[in-house]
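# Analysis of the macromolecular model
Single-letter residue listing:
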Number of protein chains: 2
Amino acid sequence: MEYRPTAAVLIIGNEILSGRTRDANAPWLAERLAGLGIPVREIRVVPDVSERIIEAVNALRAQYTYVFTTGGIGPTHDDITTAAVAAAFGTPVERNAEAEARLRAHYEHLVDMNSARLRMADIPVGASLIDNPVSVAPGFRLDNVHVLPGVPRIMQAMFEGLAHTLAGGPPMLSVSVRGHVREGDIAEPLGALQGTVPDIDIGSYPFAQGDRIGTSLIARGTDATRLRALLVSLVELMRPFDADLEVTDLPAQG
Amino acid sequence: MEYRPTAAVLIIGNEILSGRTRDANAPWLAERLAGLGIPVREIRVVPDVSERIIEAVNALRAQYTYVFTTGGIGPTHDDITTAAVAAAFGTPVERNAEAEARLRAHYEHLVDMNSARLRMADIPVGASLIDNPVSVAPGFRLDNVHVLPGVPRIMQAMFEGLAHTLAGGPPMLSVSVRGHVREGDIAEPLGALQGTVPDIDIGSYPFAQGDRIGTSLIARGTDATRLRALLVSLVELMRPFDADLEVTDLPAQG
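Residues numbered from 1 in each chain as written. Chains lettered and ligands numbered in written order. Predicted model: local features only at pLDDT ≥ 70, side-chain atom pairs only at ≥ 80, totals over all residues. Heavy atoms only, no water.

### Considering the overall build of chain A
Along the backbone of chain A there are 9 helices and 12 strands. Expressed as lengths along the three principal axes of its C-alpha atoms, the size of chain A is roughly 70 × 45 × 35 Å. With 254 residues in all, chain A has 54% of them scored as buried. Across chain A, the fraction of contacts at a sequence separation of at least 24, relative to all contacts at a separation of at least 6, is 69%. Side chains of chain A carry 22 positive and 31 negative charges; the gap between the two charge centres is 1 Å. (Helix = DSSP H or I, 4+ residues; strand = E, 2+ residues; numbered from the N terminus. Buried < 20%, exposed > 50% of the residue type's maximum accessible area, 1.4 Å probe, protein only. Contact = heavy atoms within 4.5 Å. Lys, Arg positive; Asp, Glu negative; His and termini not counted. Charge placed at Lys NZ, Arg CZ, Asp CG, Glu CD.)

Here is the structure:
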């Protein structure tokens with residue numbers, strides 16, 4: 001059977017659960033991983049509570065090829081991700097000499113290298129470091145779990161540094177058509193059409209635009225030829241209800 | 001012990017996992033529920049896959065006072081939330097006479113009342129309907145699980161109609177201070193301060209603003225007097241590093 005890797009994203013932080021901060025990391029990782037042929041199949045947001053993090057890490061690492069966590073690896077009391085991930089693996093945390101050397105080299109002349117800052121050099125035994133080209137304090141990878149910080153631009157830079165280590169599958173491609181069509185008017189033939197292409201995922205998403213409603217149909221798969229053929233059928237389904245559809249085809253092959 | 005309800009939000013839909021659509025429902029529910037004294041303690045996003053929905057519904061309903069699902073209750077083939085929630089409870093789905101009557105009354109003169117549309121009147125046995133003041137097709141409540149649609153303005157209107165049925169706890173209050181201070185400079189005294197107020201949750205959130213970095217400290221709890229006192233201490237902690245802090249106190253009591 002073809003290699004079809006999957007991923008899960010675990011967002012750690014009370015501020016996302018309170019609704020105060022909008023998470024930008026899960027959508028970014030989802031798009032980026034999809035481009036690598038590693039579809040994200042689950043996202044969880046949990047609070048800064050050790051048991052919740054341990055439970056989620058263990059559930060997700062058993063179920064998906066790759067897990068990416070964001071948040072909770074800074075120097076403050078609420079940064080408990082490193083300890084919780086180590087606990088999930090039953091491995092101790094120790095001061096990592098390489099991480100400490102990096103932190104000292106970068107920060108010692110700038111700031112007070114206190115014990116709180118040095119906590120960022122505590123890494124689970126057996127983990128490999130994930131480089132941080134922005135603010136030095138590393139993340140780490142333990143088996144299939146990648147531990148990244150919560151600040152989006154730092155997380156993104158660190159992800160770009162590790163992306164080449166991920167084994168991707170065939171890239172997911174998508175085609176779509178959007179129009180002022182009621183879902184209920186096309187639901188029956190659409191369901192029949194989905195039945196003919198079991199390896200392509202056809203999603204139907206209603207939307208409201210001012211006082212007009214409509215539907216986006218999005219088909220995802222890995223076979224460009226079959227997706228293009230399906231797009232023709234999706235457009236035929238919608239056109240009787242709206243002559244002015246927005247169609248997004250695959251990019252032309254160069 | 002004081003009644004402290006909790007909530008979980010389950011977002012159902014491939015379009016969120018692909019990163020193509022930004023979920024607006026979880027943050028909205030998180031804020032609205034926090035205002036009712038029902039903090040959201042977990043958010044999950046799962047695909048339109050029956051087993052994943054069943055597993056998540058059962059895990060969340062056992063662990064939290066209330067569960068809210070969004071998405072997957074429309075008329076198309078990928079709308080499988082109703083069947084999956086029913087399966088999670090081991091209860092069958094049947095055509096609900098009241099739901100069918102509402103759909104027919106509203107839509108029959110407008111559109112073709114086909115079997116796909118009538119599927120929106122299929123409701124798990126034992127569930128109570130959640131009114132839909134926008135587009136009529138109801139959601140439902142089964143025990144502590146509230147099943148809502150994915151379109152934000154419809155979901156929000158339906159939530160407002162059911163909010164009075166939820167038993168809230170003491171409302172969560174928050175105070176905060178934000179400034180151009182490095183987390184590492186305040187981490188140690190901040191940790192000590194957190195140790196003195198175990199019932200208040202102090203979060204420390206680094207941010208990057210252009211090329212300046214800083215920290216937001218946010219304290220959440222239910223006792224206004226103690227939060228105000230803590231805010232003074234948080235400001236004292238930050239001020240040596242930045243004289244120009246943004247402080248958000250509680251609203252004055254009228």
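Once you've had a look at it, read on.
### Observations regarding the packing of aromatic side chains
All names here are of chain A. In the structure shown here, the tally under the stated rule is 6 aromatic pairs over all chains. Between W28 and F159, the aromatic rings sit 5.6 Å apart at their centres with planes inclined by 90°, giving edge-to-face as the arrangement. With W28 in helix 2 (residues 25-35) and F159 in helix 7 (residues 152-162), this pair connects stretches of sequence that are 131 residues apart. The buried category is assigned to F159, whose relative accessible area is 0%. Here a set of aromatic residues connected by ring pairs shows up, and it is made of W28, Y66, F68 and F159. (Phe/Tyr/Trp six-rings, centres within 6.5 Å; stacked < 30°, edge-to-face > 60°.)

### Observations regarding the pairing of strand 9 (residues 173-179) of chain A
Sheet faces and side chains relate simply in a regular strand, where the side chains alternate between the two faces. All names here are of chain A. Here 7 bridges tie strand 9 to strand 11 (residues 212-221), and the two strands are oriented antiparallel to one another. Within strand 11, the position partnered with V177 by the bridge is L217. Bridge count between strand 9 and strand 12 (residues 246-248): 3 bridges; the pairing is antiparallel. Bridging from a neighbouring strand, V177 pairs with V247 of strand 12. (Pairing = 2+ DSSP bridges.)

### Details of the UniProt feature "domain: MoaB/Mog" (unreviewed entry) in chain A
As recorded in UniProt, the sites labelled "domain: MoaB/Mog" (unreviewed entry) are residues 8-170 of chain A. Helix and strand shares over residues 8-170 of chain A are 39% and 21% respectively, and the end C-alpha atoms of the span are 18 Å apart. (UniProt positions renumbered as here; feature names shortened; annotations may be inferred.)

### Notes on the packing of helix 8 (residues 183-196) of chain A against helix 9 (residues 224-238) of chain A
Residues and elements named next belong to chain A. At a minimum axis distance of 10 Å, the contact between helix 8 and helix 9 shows a crossing angle of 165°. Considered as vectors, helix 8 and helix 9 are oriented roughly antiparallel to each other. Helix 9 is crossed by helix 8, and the crossing has right-handed handedness. Every residue of helix 9 that contacts helix 8 at I186, P189, L190 and L193 is listed here: L230, S233, L234, L237 and M238. Its residues placed into classes, the contact of helix 8 with helix 9 shows 8 nonpolar, 1 polar and no charged. (Axes fitted to C-alpha atoms, helices over the stretch in contact; angles between N-to-C directions. Parallel < 35°, antiparallel > 145°, perpendicular 65-115°, else oblique. Left-handed = near helix turned anticlockwise from the far one by under 90°. Nonpolar A, V, L, I, M, F, W, Y, C, P; charged D, E, K, R; others polar.)

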